[in-house]
Structures are given as structure tokens and as C-alpha cells.
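# Remarks on the overall topology
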Amino acid sequence: MARTALWSVRTGHGFVAAYLVLLVAFGVVPTGYAVYFAFTDAGGTFVGLSNFATAAGDFRFFPAVEHVALYLVFWVAALVLFVVGLALLLHRLAAQGVSRALRFLYYVPGALAGTASVMVWLFLLDPAVSPIGFLLRASGFQTFSQVIAPSHLPVLFTLIAFWTGAGGWIVVMYGALDNISPDILEAARIDGAGPWQTARRIQIPLLRKWIVYMVILAFAGGTQLFLEPQLLSQASVGVAGRDYSLNQLSYDFAFQNNNINIAAAISMELLVAALAVAGVFVARSGFFDAD
């Protein structure tokens, strides 16, 4: 018995050690490298917050902040409302035998690589070649440039992100719903609770920590908006702008202006924002409290 327990402990340490190696190699070291560049100049001299001030003083910085903030509002709201709603709906349909097929269909778009999914949407959004071109033209959009007008971009990026990322979260939420004791749901039914009351008073509260976890990761991922506006900018010959998001601005500083220090400063600001929001959600939601 003691030997079995010791073997279990060593196995656990082995798994944790492998994770720690990856964490240090691909998390801690790159972050430390970025911190070093963010607080130094090209010659390696410590400059304090100078790089952060220079980044904030750039005329593109605050418009990029506004773009990312607006996108995050649409993205996180859509994710919470529709992912939770669709997961609840699928859970209700489980008894009818169609839930498994629908879960698979929701998950399929997430199997596409990010670049491929954006290319699919570039095709869909062009009225000249899109299979839904008749709907776009009926809505008053005759050209690709009209569809991707700057005022439309937060919604378009939300649609692309939801199409590629929501399916996996629906599967996760469905699994969380499956872990709710059937006795609790049966007791609610006996007490006269309908589907809406059961969802609002029992299922959604029990999904709270999963929802918080999804919001934290969605916010962190949303602040890294880059691929969609970058490809859209190239496809539209600059209509979308190559400095639409903060990540694009950081990329521009690093590879167009050859200023890795300011690029690192912007990256650090994104990291701090993501950590701050995660800390607020974790503290306010009791994320680590034992149930």
C-alpha cells in the first residue's frame, strides 16, 4: 500500500514537472524577456516608464484601445449569452438524441486553424463571390469594402471569433451541466419549476465558476486581437487599417519601426490588463472557494 502511494506521488510530481518545464520555457522566460525590453532602450539602458509613455503618446494608441475595448464588449457578451443559452438548449435536447450531432457541428469550425477560418470569412463577406451574396446585397452591401467598413468591424470580428471559438465552450458547458446531480433537477421539477426557472435558479448558478473561467480566457484572448484585422487589412488594401488593434500596433513598432522596446511595453500593458481583470473576476466570484 505504501509503495503504491509513493508511486502515485511520484507520478503526480512527474506530470507537474513536465508542466513546469513548459511553463518556464514558454511563459516565464518570454515574459521576463519582454519585461526587460519594456524598461530598457535599444542600448540596454534602464529608462523606467519611458517606453510606456512613448507608446501612449502615439496617435494610434488610444484609437486601438477603443477598438479592442468595443470588440471585447461584443465578444464577451456574445460568448456568455449564446454559449450558455445553446448549452442549456442542447442539454434539454439530450433526451431526443440530437444533442450529440449538434455538439459535433458546433465544434467543427473550431478545428480550423485561425488563418483558415478568417479566409473563409473573407470569402463569405465578399458579395461578388459569397454563397450568401444575395443576403448581403439585399442588406444594401454591394462591395466588399462596404461590408468591412470600420464601423462594422467589431461585429464582424465577433462573428468570426464566435464561429471559431464558441463550439469548444459549448461542449465544456454541456459537460458541466451533465455533472449537475439529476436528483437536484428532479426535485426542482417536482416543486413545479419549469425549464426557464430551472435554468435561472439552478443550472446557471451552478455553472457560475465555468462561466467566470470562460470570461477570463475570452477577455485575455480578446485583448490579443491580431489575426482578423491583419488579414482583413491586407485583403482590403488598408480599409481595415494595419493598426486597428494594440497587437497590430505592437507588431508595427517591432517590425516596421524596428523598436522592440515600445512593442514590449504595449505587450506588457496587455498582460497587466488581462491579469487585473482575471483578478477581479476571481476575487468577486469566489472562483477558488470550495463548493
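Residues numbered from 1 in each chain as written. Predicted model: local features only at pLDDT ≥ 70, side-chain atom pairs only at ≥ 80, totals over all residues. Heavy atoms only, no water.

## Some thoughts on the overall build of the chain
Each helix and strand counted, the chain has 14 helices and 0 strands in total. Listed by position from the N terminus, the elements making up the chain come as α-α-α-α-α-α-α-α-α-α-α-α-α-α. Taking all 291 residues of the chain together, 37% fall into the buried category. Within the chain, contacts between residues separated by at least 24 positions form 65% of all contacts whose residues are at least 6 apart in sequence. Carbon and sulfur atoms make up 69% of the accessible area of the chain, which totals about 16800 Å². (Helix = DSSP H or I, 4+ residues; strand = E, 2+ residues; numbered from the N terminus. Buried < 20%, exposed > 50% of the residue type's maximum accessible area, 1.4 Å probe, protein only. Contact = heavy atoms within 4.5 Å. Areas by Shrake-Rupley, 256 points an atom, 1.4 Å probe, with all protein chains shown as cover.)

## Concerning the environment of Pro229
As for its placement among the helices and strands, Pro229 is situated in helix α12 (residues 227-235). For the pair Pro229 and Ser245, spaced 16 residues apart in sequence, the C-alpha separation works out to 7.5 Å. Ignoring any residue separated from it by four or fewer positions in sequence, one finds Pro229 in contact with Phe157, Ala240, Gly241, Tyr244, Ser245 and Gln248.

## Side note on the environment of Thr198
Its location among the elements puts Thr198 in helix α10 (residues 195-206). Sequence separation between Thr198 and Ile184 is 14 residues; the distance between their C-alpha atoms is 9.7 Å. With residues near it in sequence (within four places) discarded, Thr198 still touches Leu185, Ala188, Ala193 and Gln203. Among the polar contacts listed, one links the side chain of Thr198 to the backbone oxygen of Gly194, at a separation of 2.8 Å. (Polar contact = N/O pair within 3.5 Å; in protein donor to acceptor, adjacent residues only side chain to side chain.)

## Some words on the pattern of salt bridges
Under the criterion given, the structure shown has 4 salt bridges. Note that Arg60 and Asp58 form a salt bridge whose closest N and O atoms lie 2.9 Å from each other. There is no split in this pair, since Arg60 and Asp58 are both buried. Between Arg189 and Glu186 there is a salt bridge, with the nearest N and O atoms lying 2.5 Å from each other. A residue pair is termed a helical-turn pair when its members lie 3 or 4 positions apart in one helix, as Arg189 and Glu186 do in helix α9 (residues 182-190) at 3 residues. Accessibility expressed as a relative area gives 52% for Arg189, which makes it exposed. (Salt bridge = Lys/Arg side-chain N within 4 Å of Asp/Glu carboxyl O.)

## Examining the packing of helix α8 (residues 153-178) against α12
Contact geometry of α8 with α12 gives a least axis separation of 10 Å together with a crossing angle of 115°. Relative to α12, α8 is oriented so that their crossing is right-handed. Here α8 contributes Leu153, Phe157 and Ile160 to the contact with α12, which in turn contributes Glu228, Pro229 and Leu232. Of the residues contributing to the contact of α8 with α12, the split by class is 5 nonpolar, no polar and 1 charged. (Axes fitted to C-alpha atoms, helices over the stretch in contact; angles between N-to-C directions. Left-handed = near helix turned anticlockwise from the far one by under 90°. Nonpolar A, V, L, I, M, F, W, Y, C, P; charged D, E, K, R; others polar.)

## A look at the confidence of the model for the chain
Counting all residues, the mean pLDDT for the chain is 85, and 88% of those residues have values of 70 or more. Mean pLDDT across the elements of the chain ranges from a minimum in helix α4 (residues 99-107), with 67, to a maximum in helix α2 (residues 50-57), with 94. (pLDDT = per-residue confidence, 0-100.)

## Focus: helix α14 (residues 260-285)
Here α14 spans 37 Å end to end across 26 residues, near enough to the 38 Å set by a 1.5 Å rise per residue. Within α14 the residues assigned to the buried category are Asn261, Ile262, Ala263, Ala264, Ala265, Ile266, Met268, Leu270, Ala274, Ala278 and Ser285. At the C-terminal side of α14, Gly286 shows a positive phi close to 65°. (Expected span 1.5 Å × (residues − 1).)

## Describing the packing of aromatic side chains
Given two aromatic rings, one states the distance between the centres and the angle between the planes to describe the pair. For the coordinates displayed, the defined rule picks out 11 aromatic pairs. Pairing Tyr33 with Phe37 gives two aromatic rings, centres 4.8 Å apart and planes at 80°, and the pair type is edge-to-face. Of this pair, Tyr33 and Phe37 both sit in helix α1 (residues 2-38), separated by 4 residues, roughly a single helical turn. With a centroid separation of 5.5 Å and an interplanar angle of 65°, the aromatic rings of Tyr36 and Phe37 are classed as edge-to-face. One aromatic cluster is present, formed by Tyr33, Tyr36 and Phe37 through successive ring pairs. If you follow Arg60 out to its NZ or CZ, it ends over the ring of Phe253, 5.3 Å from the centre. (Phe/Tyr/Trp six-rings, centres within 6.5 Å; stacked < 30°, edge-to-face > 60°. Lys NZ or Arg CZ within 6 Å of the ring centre and 35° of its normal.)

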